Amino acid sequence: MLDLKLLRQDAAAVAAALGKRGFAFDTKTFDALESRRKALQQETEALQNERNSKSKSIGKAKAAGQDIAPLLAEVSGLGDKLDNAKAEFERVQAELDAFLARVPNLPDRTVPEGLTEAENLELSRWGKLPDFNFTPKDHVDLGDDGRVDFEAAAKLSGARFVVLRGEIARLHRALTQFMLDVHTQEHGYTEVYVPYIVGAQALRGTGQLPKMEEDLFRVGFGEDGPAAFLIPTAEVPVTNLYRDRIIDEADLPIRHVAHTPCFRSEAGSYGRDTRGMIRQHQFDKVEIVQVVHPEHSWEALEALTGHAEAILKKLELPYRKVALCGGDLGFSSAKTYDLEVWLPGQDAYREISSCSNFLDFQARRMQARFRPQGGGKPDLVHTLNGSGLAVGRTLVAVMENYQDGDGSIHVPDVLRPYMGGQSVLVRS
RNA sequence: GGAGGGGUGGCUGAGUGGUCGAAAGCACUGGUCUUGAAAACCAGCGUAGGUAACCCCUACCGUGGGUUCAAAUCCCACCCCCUCCGCCA
């Protein structure tokens, strides 16, 4: 949610800034709703004032033993007038809220111009692309001995699911453990275990609702229970830990890491990435989240991105860092870096981490605030998060980059302690 | 699932339908005192909106309804927490 004051002061500037991401901000509708809201609010508050002060004088008169009948007559009819005014005010307020809930965050001025993925800006490359003296296979072929089994998963759950077996399943688990250990022991994150089912309020807080509802799996507690959803990312439960809370400034920054499955319906991506486990309805991710003082969020974004990069470096996976252009930015983000890992099987870089600074956009929706040291008014925190990393895609990257001509897969050095010391995984 | 108790400011916790946005304590801030600190004492101290700001006004005592001129207080529904019983990985 954007700052309402900013919108009132300079809706035109907001509209211009949102244009960078291809969002058409309807200044006319906003202005109309806002001036209507203002008039109605003043009207209802004046009526409330009248009722309150008259009620008080009734109380006083009664206490003084005076006849209150004339006062009661004065107040008759006021109630209905107030109810009508209030109902109208609430209707307009709700309309305004719904309008604002669909307005995305303002892109930072350093965000590259552009409306499509193609205009993202490459910032750096790391690592040497593997030089095979054979034609590299992709992870689907490398795992087709039954260790990566899409058919078994399809039988259980349909398309876009996978069953992993044996050493590949263990490698997947090893990657998760490794990532959690690095972030907790080297980067100062506190591990949290969180629910995988959340209510609508949490999803509104981080900005997945109302716009992204089609991409969520809805579950329920009974037929007419409250709406509940499978989490599309750990960002939702972890960031919302701070919803409606006032944190002591001394407790900032807060850094959390969580490993969770993520569930996405992938509505609208039919036909994309249908081969392999790049785009699944269910995948595991290790997510890092920071809640910081508003003055420090930009440096926190650089640090957090570095923490995600550190995993790729330790795994010796070649990658590049990209700044998303305005049009490719997520709804809540002011600026996002994507890390894209090299996949020999696709002969391409593919997204494996997305690191964003949301400034106070999520904090305002969530009412996540901090109390300044030495007292004073609570102020909104800034929130950030990044994948550190997407586990399924990392598994794909390890398989494809560490493959041998005979289809065996070498285990990256840093993972060996997690694999019982094993150094090569051979086809069965 | 059954029985009972409870949800009030950053925290603890009082509150008889009528100056109750709410006692008291803790925490915090400023001051007096002190070489300095602590203690003691004095004062201040909820959030948001009308609004850029003061005054002023409005809303907020788990959530949503209702009764009333007037609701933290009475009524209804729901949510959550605690204790006990039952069931259970």
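What comes next concerns the included structure. Bear in mind the structure is a predicted one, so any value in this text is a computation, not a measurement.

Topic: the protein's contact with RNA strand B
- Within the structure, RNA strand B sits among 23 residues, and Arg8, Lys38, Gln41, Ser55 and Arg369 are positioned closest to it.
- Counting only the atoms of RNA strand B that lie within 4 Å of the protein, the sugar and phosphate share comes to 78%.
- Between RNA strand B and Glu45, the relevant distance is 3.2 Å, taken from a base nitrogen to a side-chain nitrogen or oxygen of the residue.
- Here Asn52 contributes a side-chain N or O atom positioned 3.2 Å from a phosphate oxygen of RNA strand B.
- Mapped by element, the contributors of at least two residues to the surface near RNA strand B are helix H1 (4-9), helix H3 (27-63), helix H4 (69-75) and strand S14 (368-371).

Thoughts on the layout of surface pockets
- One number sums up the size of the largest pocket: a volume of about 1,600 Å³.
- Among the elements of the structure, strand S10 (282-292), strand S12 (335-343), strand S13 (348-357), strand S16 (382-390) and helix H13 (391-401) are those that each provide at least two residues to the lining of the largest pocket.
- The element best represented in the lining of the largest pocket is S13, accounting for six residues.
- Its residues assigned to classes, the lining of the largest pocket comprises 14 nonpolar, 18 polar and 17 charged.
- Roughly 220 Å³ of volume is contained in the second largest pocket.
- Forming the boundary of the second largest pocket are Phe161, Val162, Val163, Leu164, His172, Met277, Gln280, Gln282, Phe283, Asp284 and Gly392.
- Those elements giving two or more residues to the lining of the second largest pocket turn out to be strand S3 (163-164) and S10.
- Considering every element that reaches the lining of the second largest pocket, the biggest residue donor is S10, with three residues.

Considering the packing of aromatic side chains
- Within the structure shown, the criterion is met by nine aromatic pairs.
- For the ring pair Tyr193 and Tyr196, a centre distance of 6.0 Å and an interplane angle of 65 degrees mean the geometry is edge-to-face.
- Tyr193 sits in the exposed class, given a relative accessible area of 69%.
- Its relative accessible area of 27% is what places Tyr196 among the partly exposed residues.
- Note on Trp342 and Tyr349: the rings are 5.1 Å apart at their centroids and 70 degrees apart in plane angle, and the pair reads as edge-to-face. Side by side, Trp342 and Tyr349 carry an identical accessibility label, which is buried.
- Among the aromatic side chains, those forming a connected cluster through ring pairs are Phe25, Phe30 and Phe99.
- The ring of Tyr337 has Lys321 lying over it, and the distance from NZ or CZ to the ring centre is 4.4 Å.

Things to note about the pattern of salt bridges
- Taken as a whole and judged by the stated rule, the model has 24 salt bridges.
- Note that Arg8 is salt-bridged to Glu34, the shortest N-O span being 2.7 Å. Here Arg8 is found in helix H1, whereas its partner Glu34 is found in helix H3, with 26 residues between them in sequence.
- Of the charged contacts in the structure, one is a salt bridge between Lys321 and Glu302, with a shortest N-O distance of 3.9 Å. Here Lys321, found in strand S11 (residues 319-323), pairs with Glu302, found in helix H11 (residues 297-314); they are 19 residues apart in sequence, far enough to count as distant.

Notes on the sheet that holds strand S15 (residues 379-380)
- What the three strands build is an open sheet, ordered S8-S14-S15; its pairing is mixed. Looking at the sheet topology across the chains shown, the edges are occupied by strand S8 (245-248) and S15.
- Relative to S15, S14 runs antiparallel, the two being bridged by two bridges. In the strand pairing of S15, Arg369 is matched with Leu380.

A few points about the environment of Glu88
- Locating Glu88 in the fold gives a position in helix H5 (residues 78-101).
- Residues Glu88 and Ala258 lie 170 residues apart in sequence; the distance between their C-alpha atoms is 44 Å.
- Contact partners of Glu88, with chain neighbours within four places excluded, come to Arg36 and Leu40.
- At a separation of 3.1 Å, a polar atom in the side chain of Glu88 contacts the side chain of Arg91.

With respect to the side chain of His172
- Of note, His172 is situated in helix H8 (residues 166-185).
- On the basis of relative accessible area, His172 is assigned to the buried category, the value being 16%.
- In this view, His172 contacts Leu164, Asp284, Val391, Gly392 and Leu395; residues no more than four positions away in its chain are not counted.

What counts and how
- Residues numbered from 1 in each chain as written.
- Chains lettered and ligands numbered in written order.
- Predicted model: local features only at pLDDT ≥ 70, side-chain atom pairs only at ≥ 80, totals over all residues.
- Heavy atoms only, no water.
- Near = heavy atom within 4 Å.
- Polar contact = N/O pair within 3.5 Å; in protein donor to acceptor, adjacent residues only side chain to side chain.
- Helix = DSSP H or I, 4+ residues; strand = E, 2+ residues; numbered from the N terminus.
- 1 Å grid on protein atoms, 1.4 Å probe; cavity = no way out; pocket = protein on both sides within 12 Å on 5 of 7 lines; lining within 4 Å.
- Points joined across faces, edges and corners; volume = space filled by probe spheres on them.
- Nonpolar A, V, L, I, M, F, W, Y, C, P; charged D, E, K, R; others polar.
- Phe/Tyr/Trp six-rings, centres within 6.5 Å; stacked < 30°, edge-to-face > 60°.
- Buried < 20%, exposed > 50% of the residue type's maximum accessible area, 1.4 Å probe, protein only.
- Lys NZ or Arg CZ within 6 Å of the ring centre and 35° of its normal.
- Salt bridge = Lys/Arg side-chain N within 4 Å of Asp/Glu carboxyl O.
- Pairing = 2+ DSSP bridges.
- Contact = heavy atoms within 4.5 Å.

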